[in-house]
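# An overview of the molecular structure
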Amino acid sequence: MEFITGLKQQEEAELEDLLKAEEGTTIILEGAVHSVRDMGEIAFVILRKKEGLIQTVWEEGKTDLELSEIREGDYIHVTGQVKDEERAPHGKEVRLSMISHLSHVSCPLPLPIDKWKLNTSLEAKLDRRSLSLRNIRERARFRIQEGIVRGFRDFLYEQGFTEIHTPKIGAKSAEGGANMFRLSYFHRPAVLQQSPQLYKQMMVGVFDRVFETGPVFRAEKHNTRRHLNEYTSLDFEMGYIHSFLDICAMETGFLQYTMNLLEKEYSKELKLLNITLPDVEKIPYVRFDEAKRLVSEKYNRKIRNPFDLEPEEEELIGKYFKEEYNADFVFVTHYPSKKRPFYAMDDPEDTRYTLSFDLLYHGLEITTGGQRIHDLNMLEEKIQAKGMTEEGLEQYLDAFRFGMPPHGGLGIGLERLTMQLLGEDNVREACLFPRDMSRLEP
């Protein structure tokens with residue numbers, strides 16, 4: 001009887017093994033042919049690995065496979081000797097002696113993925129997503145995004161949060177309204193969840209502090225640079241708070257932790273994309289009505305909508321706090337109750353406003369959060385005042401019937417945060433496989 005006893009030692013080397021290898025060492029590599037530069041008697045065959053590019057050298061009469069048999073996009077297994085070469089990536093190259101194919105491309109690559117910058121339209125990149133992401137700079141964006149999610153998870157674990165996973169199909173949505181994807185669930189009406197909000201609150205009564213990373217769905221008929229119909233939300237909810245500012249403080253801590261993580265462990269990607277990390281040492285906060293007044297006065301813009309921020313207003317608020325305080329982020333607090341969902345806690349000093357906030361990053365909303373109502377009677381009154389019914393909310397309300405601590409939380413749009421960090425103009429650049437009004441594939 002044979003058994004699997006754990007990880008198997010691989011003979012094929014990774015980039016870190018190459019960097020440790022002394023000149024003259026025989027090494028075995030596997031990778032994708034990123035580019036082939038024919039120089040006559042020699043050719044540079046650049047291999048793409050998950051960690052980056054490796055320069056290998058084909059030499060006429062010394063390598064057992066003809067150069068004509070190697071095409072960009074092939075996946076190959078090679079053996080060669082390590083040579084120090086300061087002009088090569090990482091200062092080392094591999095002089096090839098043997099090459100065998102793992103797989104062959106069946107046609108020429110339709111995108112020049114070996115170029116430093118993939119100069120093609122966004123639509124072309126999205127149509128050929130699995131290929132366009134093989135470009136080194138394109139895929140680096142999603143290493144940065146990985147770092148953001150990693151920072152979110154690691155920081156919240158350190159702060160005593162429990163990770164949860166909630167259903168994405170439900171009988172009722174947390175946000176309500178018309179922007180829901182409706183479906184038939186075994187002949188019963190159901191919706192795709194706009195947020196894990198109701199479940200997060202229920203779980204505060206179980207674990208005190210919870211978080212989740214997962215997809216949310218919004219059937220908004222917006223075809224703009226900042227909207228997706230499916231995006232990844234970074235959510236947390238925490239109990240025993242004293243103020244909604246406790247939530248703002250927790251998010252500030254997450255941002256500080258994450259920027260330090262990116263600087264420490266994703267410096268290669270930051271340098272590759274020429275990213276300057278934002279300053280998150282301290283983040284200003286301003287009331288919603290005050291923010292409107294400030295930008296109206298400074299930029300001579302008439303206030304048109306007293307209950308919400310228009311995209312141009314968000315941009316001007318970001319501009320104002322960058323000019324006045326050199327701040328990359330700003331919390332806008334006390335949004336009008338009219339524009340916040342039923343679970344938002346009203347400000348006891350002025351019930352026209354809520355104890356809620358948005359976080360703007362360079363003038364774009366990336367977070368919505370605040371303190372929630374934790375009293376059952378108050379919740380039922382708010383539901384009624386909003387013209388809603390309790391149908392589909394019975395089990396949610398039960399959690400409050402059995403007691404709930406003061407709590408609050410937030411949701412961060414991962415793609416928007418990534419977009420702003422990368423300095424991109426379109427959120428689709430920060431989404432692996434975007435879903436919008438016109439795109440269901442790939």
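Summary of the structure given here. Just so it is clear, the model here is predicted, and its values are computed rather than measured.

Cut-offs used in this document
Residue positions are given per chain, counting from 1 as you read along its sequence in written order. Only residues with pLDDT of 70 or above have their local features reported here, since the model is predicted, and side-chain atom pairs are shown and tallied only from 80 upward, although totals for entire chains, interfaces and linings are computed over all residues. As a rule here, side-chain values cover all heavy atoms of the structure and leave hydrogens and water aside. For helices the rule is a DSSP run of H or I covering at least 4 residues; for strands it is a run of E covering at least 2, with both sets numbered from the N terminus onward. Exposure categories follow from relative accessible area, calculated using a 1.4 Å probe and restricted to protein chains: below 20% of the type maximum is buried, above 50% is exposed, and the middle band is partly exposed. Here, two residues are considered to be in contact whenever any of their heavy atoms come within 4.5 Å of each other. Calculation of accessible area relied on Shrake-Rupley with a 1.4 Å probe; when residues are assessed, cover is drawn exclusively from the protein chains displayed. For this count, His and the chain ends are skipped, Lys and Arg are scored as positive, and Asp and Glu as negative. One atom stands in for each charge, and that atom is NZ of Lys, CZ of Arg, CG of Asp or CD of Glu. It is the directions from the helix axis to the C-beta atoms that the arc portrays. N or O atoms closer than or at 3.5 Å make up a polar contact, with two conditions inside protein: a donor-capable atom paired with an acceptor-capable one, and, for residues adjacent in sequence, both atoms drawn from side chains. Pairs were defined over the aromatic rings of Phe, Tyr and Trp, the Trp ring being its six-membered one, requiring ring centres within 6.5 Å. Orientation was assigned from the angle between planes: stacked under 30 degrees, edge-to-face over 60, tilted for the rest. Both a distance and an angle decide whether a charge sits over a ring: NZ of Lys or CZ of Arg must be within 6 Å of the ring centre and within 35 degrees of the ring normal. A pair of strands is labelled paired if DSSP reports no fewer than 2 bridges between them. Orientation is described by axes fitted as lines to C-alpha atoms, over the contacting stretch for helices, and by angles from 0 to 180 degrees between their N-to-C directions. In this scheme, patches are assembled from residues that exceed 30% relative accessible area and form no salt bridge. Like charges are connected within 9 Å, while nonpolar side chains (Val, Leu, Ile, Met, Phe, Trp, Tyr) are connected within 5 Å. Definition used for salt bridges: Asp or Glu carboxyl oxygen within 4 Å of a side-chain nitrogen of Lys or Arg.

## A few points about the overall build of the chain
Check the secondary structure of the chain and you find twelve helices and 18 strands. If you line up the chain on its principal axes, its C-alpha atoms span 85 × 65 × 40 Å. Buried residues in the chain amount to 51% of all 442 residues. Excluding contacts between residues fewer than 6 apart, the proportion of contacts in the chain whose partners are at least 24 apart in sequence is 65%. In the structure as shown, the chain presents an accessible area of about 22600 Å², 50% of it carried by carbon and sulfur atoms. Taken as two groups, the 59 positive and 76 negative side-chain charges of the chain have centres that lie 4 Å from each other.

## A word on helix 10 (residues 376-385)
Along helix 10, the positions that sit buried rather than exposed are Leu376, Leu379, Lys382 and Ile383. Viewed end-on, helix 10 has its buried residues packed into an arc of 125°, placing them on one side of the element. In helix 10, those exposed residues whose orientation departs by more than 90 degrees from the buried face are Glu381, Gln384 and Ala385. Where the residues of helix 10 are buried, they touch strand 14 (346-347) and helix 11 (394-401). A side-chain oxygen of the first residue of helix 10 lies 3.2 Å from the backbone nitrogen of asparagine 377; this N-cap is aspartate 375. Glycine 387 sits one or two positions beyond helix 10 and adopts a positive phi of about 75°.

## Notes on the packing of aromatic side chains
Inspection of every chain in the model, using the stated rule, returns 15 aromatic pairs. Between phenylalanine 155 and tyrosine 257, the aromatic rings sit 5.8 Å apart at their centres with planes inclined by 45°, giving tilted as the arrangement. With phenylalanine 155 in helix 4 (residues 136-158) and tyrosine 257 in helix 6 (residues 245-265), this pair connects stretches of sequence that are 102 residues apart. Summarising the aromatic geometry, the rings of phenylalanine 288 and tyrosine 335 are spaced 4.9 Å apart at their centres and angled 50° between planes, so their arrangement reads as tilted. With phenylalanine 288 in helix 8 (residues 288-299) and tyrosine 335 in the loop between strand 13 (329-333) and strand 14, this pair connects stretches of sequence that are 47 residues apart. A relative accessible area of 1% means that phenylalanine 288 is categorised as buried. Tyrosine 335 sits in the buried class, given a relative accessible area of 1%. Ring-pair connections join several aromatic residues into one group, and the members of that group are Phe152, Tyr157, Phe211 and Phe254. Of note, arginine 287 hangs over the ring of tyrosine 353, and the distance from its end group to the ring centre comes to 5.1 Å. Its guanidinium or amino end placed over the ring of phenylalanine 307, lysine 338 lies 4.2 Å from that ring's centre, counting from NZ or CZ.

## Digging into the sheet that holds strand 5 (residues 92-103)
Read once around its circumference, the closed barrel built from five strands follows the order 1-2-3-5-4, with strand pairing classed as mixed. Strand-to-strand twist in this sheet, taken as the mean axis angle between neighbours without regard to direction, amounts to 55°. Pairing between strand 1 (residues 26-38) and strand 2 (residues 42-49): six bridges, direction antiparallel. Looking at the pairing, valine 36 lines up with valine 45 of strand 2. Across the face of the sheet, helix 4 comes into contact with strand 1, strand 2 and strand 3 (52-59) while running at roughly 20° to strand 2.

## A closer look at a negative patch on the surface
Among the surface-exposed residues, Glu41, Glu60, Glu66 and Glu69 lie close enough to one another that they form a single negatively charged patch. Structurally, the position occupied by glutamate 60 is in the loop between strand 3 and strand 4 (75-84). A residue is classified by how much of its surface remains accessible, and glutamate 60, at 54% relative accessible area, is exposed.

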